Amino acid sequence: VIVAGFGDMVGWSLAGTWLAAYLALQAVEAVLFPWNGANDSRRPRAAVALLAANPVGFASLAMMGPIKDGAWGVACAGMMLGGVMLNVVLTSRTSRRAFLASAIPVMLLIAILPFMAFVAGGPIRNCIAIGAAGGLMMWAGPALWRASFQAYQSEQAALAAKSAFMAVISHE
């Protein structure tokens, strides 16, 4: 869907190259950190690098939009980065380190957008508006993550209380 949406804007060969690179990144992640339920902490640097590379890799196609398509490319990149930030919040709700490793690169890309809009010929007022909207995204992402993390902690506490209760009841 992403390639279909951005392919005409950035060029089909670039979109195809992006897809191949992003799928390769996903394959590296699957090999290094298989979804077998185990928490593999033996490769923390690799994990942090992948957490940073995934959203940047995904958003890199959108960041080509302003270069290839000017102001509309900026608008599409902003929408894509908003979606990437929401995905970061949803997929890293159990770990502050995971959130920061994934969110900081996205925030840097968001911060670049007003300048890309200016270079693309956007009026200063639009560049300021893009910066303000980006600032809102950079505030909202961490705020949503904190709320999600607190909910996760409450869920874990409730599960622990239930387990303790069931252990007492089953023992008696």
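Read on for a plain summary of the structure.

What counts and how
- Residues numbered from 1 in each chain as written.
- Predicted model: local features only at pLDDT ≥ 70, side-chain atom pairs only at ≥ 80, totals over all residues.
- Heavy atoms only, no water.
- Salt bridge = Lys/Arg side-chain N within 4 Å of Asp/Glu carboxyl O.
- Helix = DSSP H or I, 4+ residues; strand = E, 2+ residues; numbered from the N terminus.
- Core = buried A, V, L, I, M, F, W, Y, C linked by side-chain atoms within 4.5 Å.
- Buried < 20%, exposed > 50% of the residue type's maximum accessible area, 1.4 Å probe, protein only.
- Contact = heavy atoms within 4.5 Å.
- Patch = residues over 30% accessible without salt bridge, like charges linked within 9 Å, V, L, I, M, F, W, Y side chains within 5 Å.
- Areas by Shrake-Rupley, 256 points an atom, 1.4 Å probe, with all protein chains shown as cover.

Some details on the pattern of salt bridges
Inspection of the entire model under this criterion finds 1 salt bridge. A salt bridge links Glu-155 to Arg-93; the nearest nitrogen and oxygen atoms lie 3.1 Å apart. Within this pair, whereas Glu-155 is found in helix H5 (residues 124-171), its partner Arg-93 is found in the loop between helix H3 (44-91) and helix H4 (96-119), the two being separated by 62 residues in sequence.

Remarks on the nonpolar core
Grouped together as the largest cluster of nonpolar side chains are 34 residues, with contacts concentrated most on Met-63, Leu-81, Val-106 and Leu-113. Among the elements of the structure, helix H1 (2-10), helix H2 (12-32), H3, H4 and H5 are those that each provide at least two residues to this core. Ranked by the residues each element gives to this core, the list is headed by H3, at 13 residues. If sequence neighbours within four positions are ignored, Met-63 has contacts with Ala-77, Leu-81, Leu-109, Ile-112, Leu-113 and Met-116.

Side note on the environment of Val-106
In this structure, Val-106 sits in helix H4. Linking Val-106 and Leu-81, residues 25 residues apart in sequence, is a C-alpha distance of 6.9 Å. When near neighbours in sequence (up to four residues on either side) are disregarded, Val-106 contacts Pro-55, Leu-81, Val-84, Met-85 and Val-88.

What about a nonpolar patch on the surface?
A surface patch of nonpolar side chains, amounting to about 450 Å² of accessible area, comprises Phe-118, Val-119, Ile-124 and Ile-128. For the nonpolar patch, the elements supplying multiple residues, two or more each, are H4 and H5. Structurally, Ile-124 can be placed in helix H5.

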